[in-house]
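Analysis of the macromolecular model
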Amino acid sequence: ENGVDGRAIRVGTRRSQLARIQTDSVVTMLRELYPDLHFEIVAMSTTGDKILDTALSKIGEKSLFTKELENALERNEVDLVVHSLKDLPTSLPPGFTIGAVCKRENPLDAVVFHPKNCGKTLSLLPEKSVIGTSSLRRAAQLKKKFPHLEFRDIRGNLNTRLKKLDEKEDFSAIILAAAGLKRMGWENRIGQLLGPEDCLYAVGQGALAVEVRAKDQEILNMVSALHDADTVLCCIAERAFMKRLEGGCSVPVAVNTLLKDGQLYLTGAVYSLDGSDSLKETMQTGVSYPHQNEDGPNDDVQHVGITAKNVPGQAQEAAENLGVELASLLLSKGAKHILSVARQLNDA
């Protein structure tokens, strides 16, 4: 038994409909694994949910959608918290860890068109059509690829953004993560999926993370059954890449990962705000290692904030090194300059 019998396990989540759907899906998996346990969902609003009139990249707060949830975790008001992994900073506050990374949904970005543009693609939209996105990463890549389009900020949860798109004439299309649309059951709204040749995705995009107190062994053991090994390795590489670059949501950093035949391929890129200046490279490493019993003092090693005991430690290390090496390569080619200019322009 894992020692958590007989008490309610409280699961923290943001209040938005998507956050609730994501949390419900994690709780459903936990209930199947632990039918005797009682799970209770505690929903709360975060800073990011409250500040809706400012671009995310301008607020400059790393833990925009996570801080209130982490405070509740720290005060023992909840036992675990479900996040979109891409909302979690690469360095977690002391005392916390990502105890599970669930199997990744499609990580690509998707274009949702205004009803009058149904059946079109970005390249077929008329000159000066306005595209809504709150992401510097998406805007930087797409400005370069589709110079005839204009990009404007759009904030709010998925429901709000779709409403703004459909009910007004301000936007010809908006760009959203395919994963969120799919989870909301709005897959039919996806007019175009943006492959890596059009738009590399955000670090951790499409994956759900379960954050827990690092010292809470019982909860950590319980949620670790949710880890998807392939997703863990891809996301460790991506987060290590981002961390080494010191990227956040205020700079355009993008990735694409592929795990095939024991090889992990990581493509990483940095962009100027208008996309005119960019650096992009791909590296690979082997990650097929046997699972050794790693008991003892090493069993809680974190890799960029993730504790994954059921994924071979050497594989995790290889994935982390891959991210660091790729970032170092870009830095040696001038990434720091591109990012610091992007940061200054964005702050201005």
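Note that the structure is a prediction, hence the values are computed from the model and not measured.

Regarding the sheet that holds strand E11 (residues 253-260)
With antiparallel pairing, the 3 strands of this open sheet are ordered in space as E11-E12-E13. Strand pairing shows two members of the sheet lacking a second neighbour, E11 and strand E13 (278-286), which therefore form its edges. Along the sheet, successive strands turn relative to each other by an average axial angle of 15°, direction set aside. With 8 bridges connecting them, E11 and strand E12 (residues 263-271) associate as antiparallel partners. Paired with leucine 258 across the two strands is tyrosine 265, which belongs to E12. Its contacts with the sheet place helix H11 (residues 335-347) against E11, E12 and E13, and it is angled at close to 50° to E12.

So, the side chain of histidine 227
Along the polypeptide, histidine 227 turns up in the loop between helix H8 (217-223) and helix H9 (229-245). Overall, histidine 227 belongs to the buried group, its relative accessible area being 11%. A polar contact is formed between the side chain of histidine 227 and the backbone oxygen of glycine 99, at a distance of 2.9 Å. At 2.8 Å, the side chain of histidine 227 and the backbone oxygen of threonine 307 are in polar contact. Excluding residues within four positions of it along the chain, histidine 227 makes contact with Gly99, Ala100, Val101, Val232, Ile306, Thr307, Ala308 and Asn310.

Quick word on the nonpolar core
What tends to happen in soluble globular proteins is that the nonpolar side chains get buried as a cluster. Counting residues in each nonpolar core, the largest one holds 45 residues, and the members touching the most others are Leu85, Ile98, Phe241, Leu245, Val253 and Val270. Elements with a contribution of two residues or more to this core: strand E4 (96-101), H9, E11, E12, helix H10 (313-332) and H11. Broken down by element, the residue count for this core peaks at 10 residues, all from H9. Every residue in contact with phenylalanine 241, bar those within four places of it in the chain, is listed here: Val253, Ala254, Val255, Leu266, Gly268, Ala269, Gly323, Val324, Leu326, Ala327 and Leu330. Within the second largest apolar cluster, 20 residues are counted, among which are Leu30, Leu80, Cys102 and Leu226.

A short note on the sheet that holds strand E6 (residues 130-132)
What the 5 strands build is an open sheet, ordered E7-E6-E8-E5-E9; its pairing is mixed. The two strands at the open ends of the sheet, each matched to only one other strand, are strand E7 (150-152) and strand E9 (190-194). Across the sheet, the mean angle separating the axes of adjacent strands is 30° when strand polarity is ignored. With 3 bridges connecting them, E6 and E7 associate as parallel partners. Residue pairing across strands places valine 130 opposite glutamate 150, the latter belonging to E7. Sheet contacts for helix H5 (residues 136-145): strand E5 (109-113), E7, strand E8 (173-177) and E9; angle to E8, the most-contacted strand, approximately 125°. Sitting on the sheet, helix H6 (residues 158-167) touches E5 and E8, and the angle it makes with E8 is about 165°.

Structural notes on the environment of glycine 313
Of note, glycine 313 is situated in helix H10. Glycine 313 gets classed as buried once you look at its relative accessible area, which sits at 13%. For the pair glycine 313 and valine 287, spaced 26 residues apart in sequence, the C-alpha to C-alpha distance is 10.0 Å.

Section: the pattern of salt bridges
Inspection of every chain in the model, using the stated rule, returns 15 salt bridges. Linking aspartate 87 and arginine 14 is a salt bridge whose minimum nitrogen-to-oxygen distance equals 3.4 Å. With aspartate 87 in the loop between strand E3 (80-84) and E4 and arginine 14 in strand E1 (residues 8-14), this pair connects stretches of sequence that are 73 residues apart. Overall, the relative accessible area of 16% leaves arginine 14 in the buried class. Residues joined by salt bridges that share partners form a network here, namely Arg10, Asp79, Arg213 and Asp216.

Conventions used here
- Throughout this description, residue numbers start from 1 for each chain and increase along the sequence as written.
- Predicted model: local features are reported for residues with pLDDT of at least 70 only, side-chain atom pairs are reported and counted for 80 or more only, and whole-chain, interface and lining totals are derived from all residues.
- Values reported for side chains reflect all heavy atoms of the structure, with hydrogen atoms and water molecules removed beforehand.
- Strands are treated as partners if at least two bridges between them are detected by DSSP.
- Think of it this way: any DSSP run of H or I at least four residues long counts as a helix, any run of E at least two long counts as a strand, and we number them from the N terminus.
- Axis definition: a line fit to C-alpha positions, over the contact stretch in the case of helices; interaxial angles, taken between N-to-C directions, run 0 to 180 degrees.
- Whether two residues are in contact is decided by their heavy atoms: any pair within 4.5 Å suffices.
- Burial classification: accessible surface area is computed with a 1.4 Å probe over protein chains only, and a residue below 20% of its type maximum counts as buried, one above 50% as exposed, and the rest as partly exposed.
- The term polar contact refers here to a pair of N or O atoms within 3.5 Å; inside protein, the definition further demands a hydrogen-donor-capable atom paired with an acceptor-capable atom, and it admits residues adjacent in sequence only when both atoms are side-chain atoms.
- Here, the term nonpolar core denotes a set of buried Ala, Val, Leu, Ile, Met, Phe, Trp, Tyr and Cys residues that are joined through side-chain atoms within 4.5 Å.
- Each salt bridge in this description consists of a side-chain nitrogen of Lys or Arg and a carboxyl oxygen of Asp or Glu lying within 4 Å of one another.

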